[in-house]
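Fold and geometry: a report
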Amino acid sequence: MAAHRSMHRLYSSWIGSSASSSSVFNIRSTRSIPLQLKAAATMSTSSSSSPPADFPVTHTIETKLSKAFSPLHHLEVRNESHMHNVPANSETHFKVIIASPVFAEHKTPLARHRAVNSVLAEEVAADGPVHALSIVAKTPEQWDKMVADGKADIGASPNCRGGDGSLPKRK
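Attention in this report is confined to the structure presented alongside it.

1. What about the environment of Leu 65?
By the element assignment, Leu 65 lies in helix H2 (residues 56-68). By relative accessible area, Leu 65 is classed as buried at 0%. Separated by 33 residues in the primary sequence, Leu 65 and Ile 98 place their C-alpha atoms 8.6 Å from one another. Filtering out sequence-adjacent residues up to four positions away, Leu 65 remains in contact with Leu 72, Leu 75, Val 96, Ile 98, Val 116, Val 119 and Leu 120.

2. Quick word on the environment of Ala 115
Within the element layout of this structure, Ala 115 appears in helix H3 (residues 109-119). On the accessibility criterion, Ala 115 (13% relative accessible area) is buried. Expressed as a C-alpha distance, the spacing of Ala 115 and Phe 69, which sit 46 residues apart in the sequence, is 9.4 Å. Leave out the neighbours within four places in its chain, and Ala 115 touches Phe 69 and His 106.

3. A closer look at the environment of Ile 135
With respect to the helices, strands and loops of the structure, Ile 135 is situated in strand E4 (residues 132-138). Sequence separation of Ile 135 and His 113 is 22 residues, and the distance between their C-alpha atoms is 6.5 Å. Setting aside chain neighbours within four positions, we find Ile 135 in contact with Val 96, His 113, Val 116 and Asn 117.

4. A closer look at the pattern of salt bridges
A complete count under the given rule lists 4 salt bridges for this structure. Between Lys 64 and Glu 123 there is a salt bridge whose closest N-O contact spans 3.0 Å. A residue pair is termed long-range when its members are at least 10 positions apart, and Lys 64 in helix H2 and Glu 123 in helix H4 (residues 121-124) qualify at 59 residues. Overall, the relative accessible area of 24% leaves Lys 64 in the partly exposed class. Among the residues examined, Glu 123 registers a relative accessible area of 7% and is labelled buried. Note that Lys 145 is salt-bridged to Asp 149, the shortest N-O span being 2.6 Å. Taking the relative accessible area as the measure of exposure, Lys 145 reaches 52% and is therefore exposed. Three or more residues joined by partner-sharing salt bridges are found here, namely Lys 64, Glu 122 and Glu 123.

Conventions used here
- Residues numbered from 1 in each chain as written.
- Predicted model: local features only at pLDDT ≥ 70, side-chain atom pairs only at ≥ 80, totals over all residues.
- Heavy atoms only, no water.
- Helix = DSSP H or I, 4+ residues; strand = E, 2+ residues; numbered from the N terminus.
- Buried < 20%, exposed > 50% of the residue type's maximum accessible area, 1.4 Å probe, protein only.
- Contact = heavy atoms within 4.5 Å.
- Salt bridge = Lys/Arg side-chain N within 4 Å of Asp/Glu carboxyl O.

See below:
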């Protein structure tokens, strides 16, 4: 678990001028941040992470999910491509962990997955950039219970076992 926590550090660059829902939050690949709308008034630290232009698919996923499931309670977009047989810095395999009050409307996990897949339809299409997408979608109450019970440390997906050979090989 300690290795997992170090791989998925809390995102260290929060941008927000107030604790209102109009605060701007920025999330990067393999980093996570709980988006608590009742957060402290001003949060700002620096990070050496790459700008969104370096990871355009990750940025697109973050932006689309942030807009579609606002107000967000928690969002993690993990690029797990490094665990698969793809070139370095690929953006093909993702895990999304999201909590939003919007999911109260979607009662079953399947309905929540369909909602996320619908928002990311272009990215997960057969000719889209995303080859695999793992989704954990919860209501804020479910997420807070997972945190309280110590079950919010969701592990990485399994390493690739070779796949079907349809993706480009590592260089």
